[in-house]
Amino acid sequence: MKVAPRVVTIGESFSSTLALSADSVKSFATLVNDTNPLHHDDAYAAQSRFGGLIASGTQPTAHFMALLAAHFSQYAQPLGLEFDIKLKKAVYAQDTLTMTWRVRDAWWKPSLNGDLTQLDGLVVNQRGETVLLGASTILVMPKPAQESVQAPAQVSAQVSAQVSAQVSARQPAPESKPS
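Residues numbered from 1 in each chain as written. Predicted model: local features only at pLDDT ≥ 70, side-chain atom pairs only at ≥ 80, totals over all residues. Heavy atoms only, no water.

Undergrad: Tell me what's going on with the packing of aromatic side chains, and back it up with residues and numbers.
TA: Following the criterion strictly, the structure yields 3 aromatic pairs and no others. Both rings, one in Phe 14 and one in Phe 72, keep their centres 5.4 Å apart while their planes meet at 85 degrees; by these two values the pair is edge-to-face. Remark: Phe 72 occurs in helix 3 (residues 58-72) and Phe 14 occurs in strand 1 (residues 13-19); sequence separation between them is 58 residues. For the residue pair Phe 14 and Phe 72, the accessibility class agrees, reading buried in each case. Each ring, one from Phe 64 and one from Trp 101, has its centre 4.2 Å from the other, and the planes form 15 degrees; the classification is stacked. Taken together, the residues Phe 64 in helix 3 and Trp 101 in strand 3 (residues 96-109) connect sequence positions 37 residues apart. Accessibility expressed as a relative area gives 0% for Phe 64, which makes it buried. Assessed through its relative accessible area of 0%, Trp 101 is described here as buried. Grouping aromatic residues by their ring pairs yields a cluster made of Phe 14, Phe 72 and Tyr 75. (Phe/Tyr/Trp six-rings, centres within 6.5 Å; stacked < 30°, edge-to-face > 60°. Helix = DSSP H or I, 4+ residues; strand = E, 2+ residues; numbered from the N terminus. Buried < 20%, exposed > 50% of the residue type's maximum accessible area, 1.4 Å probe, protein only.)

Undergrad: Could you give me a rundown of the pairing of strand 4 (residues 114-124), with the residues and numbers involved?
TA: Of all 11 residues in strand 4, 8 are buried; the element is thus mostly enclosed. Pairing geometry for strand 3 and strand 4, over 11 bridges, is antiparallel. Counterpart to Trp 108 in the pairing with strand 4 is Asp 115. The turn linking strand 3 back onto strand 4 is made up of 4 residues, and Asn 113 within it adopts a positive phi angle of 55 degrees. Pairing of strand 4 with strand 5 (residues 130-142), which is carried by 10 bridges, proceeds in the antiparallel orientation. Paired with Asp 115 across the bridge in strand 5 is Val 140. Hairpin connection of strand 4 to strand 5: 5 residues between the antiparallel strands, including Gly 128 at a positive phi of 80 degrees. (Pairing = 2+ DSSP bridges.)

Undergrad: I'd love a proper account of the nonpolar core, names of residues and values included.
TA: Counting 31 residues, the largest nonpolar core has Phe 72 and Leu 119 as the members making the most contacts within it. Going through the elements one at a time, strand 1, helix 1 (22-31), helix 3, strand 3, strand 4 and strand 5 are the ones with two or more residues in this core. A per-element tally of this core places strand 3 first, with 6 residues. Aside from chain neighbours lying at most four places away, what touches Leu 119 is Phe 14, Leu 68, Phe 72, Trp 101, Arg 102, Val 103, Arg 104, Gly 134, Ala 135, Ser 136 and Ile 138. Core analysis: the next-biggest nonpolar cluster, separate from the first, contains 5 residues, Trp 107, Leu 112, Leu 139 and Met 141 among them. (Core = buried A, V, L, I, M, F, W, Y, C linked by side-chain atoms within 4.5 Å. Contact = heavy atoms within 4.5 Å.)

Undergrad: Just give me the short version of the confidence of the model for the chain, but keep the residues and values in it.
TA: Of all residues in the chain, 78% have pLDDT values of 70 or greater, and the mean over the chain is 86. In the model of the chain, helix 4 (residues 152-169) stands out as the element of lowest mean pLDDT, 50, in contrast to strand 1, which has the highest, 98. Residue range residues 147-151 is modelled with pLDDT below 50. Its contacts to residues more than four positions away, or to other chains, number 3 contacts. Predicted confidence is poor over residues 166-179, with pLDDT under 50, and the contacts of this stretch with residues over four places away or in other chains come to 12 contacts. (pLDDT = per-residue confidence, 0-100.)

Undergrad: I'd like to hear about the environment of Thr 98, residue by residue, with values.
TA: Mapping Thr 98 onto the fold places it in strand 3. Thr 98 sits in the partly exposed class, given a relative accessible area of 30%.

Undergrad: Can you tell me about the packing of helix 1 against helix 3, naming the residues and giving the values?
TA: Axis separation between helix 1 and helix 3 bottoms out at 10 Å; the angle between their running directions is 90 degrees. As judged from the angle between their axes, helix 1 and helix 3 are roughly perpendicular. For the pair formed by helix 1 and helix 3, the contact residues are Ser 24, Val 25 and Phe 28 on the first element and Thr 58, Gln 59 and Ala 62 on the second. Counted by class, the contact of helix 1 with helix 3 contains 3 nonpolar, 3 polar and no charged residues. (Axes fitted to C-alpha atoms, helices over the stretch in contact; angles between N-to-C directions. Parallel < 35°, antiparallel > 145°, perpendicular 65-115°, else oblique. Nonpolar A, V, L, I, M, F, W, Y, C, P; charged D, E, K, R; others polar.)

Undergrad: Break down the sheet that holds strand 3 for me, with residues and values.
TA: The strand order 1-3-4-5-2 describes an open sheet built from 5 strands, whose pairing is antiparallel. Of all strands in the sheet, those bounded by a partner on one side alone are strand 1 and strand 2 (76-87). Averaged over all pairs of adjacent strands, the angle between strand axes in this sheet comes to 25 degrees, irrespective of strand direction.

Shown next, in the form of structure tokens:
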């Protein structure tokens, strides 16, 4: 029996930090069309229950999710499939966040030519407070050999079609995890 290639390592962990300035909080909220004055108006935010400018929930979430692509794309082709994010505390302008993901489980999925990978993650601020919790399922495919590189759009379309078919059918994938 041929052993399936492994792309990720169970237990693998990686982190990154993100410093948020007031300008980055305002700019990001503008970029994503979040018009809540808590993200734009210093005076308004100072009078709120938060006592100051806070980041749109989309800002730390986007950086947290992007860390998966940044990490795995160094040696593989990652594709996000599912994210479960819980916002636990407000993230303030001037906070420094440490984002960490850990591979909880992974198994080779022949029909997708990659490891279906489940991860758990958290984001803490400089005070050690957990501000976000996350769980994710991503597909991590080996990088193709240079001679047989498919166009990224073609690979993405193939994988998206297979994943969409499975989601539409609302049935678990036929392959099971190896024991």
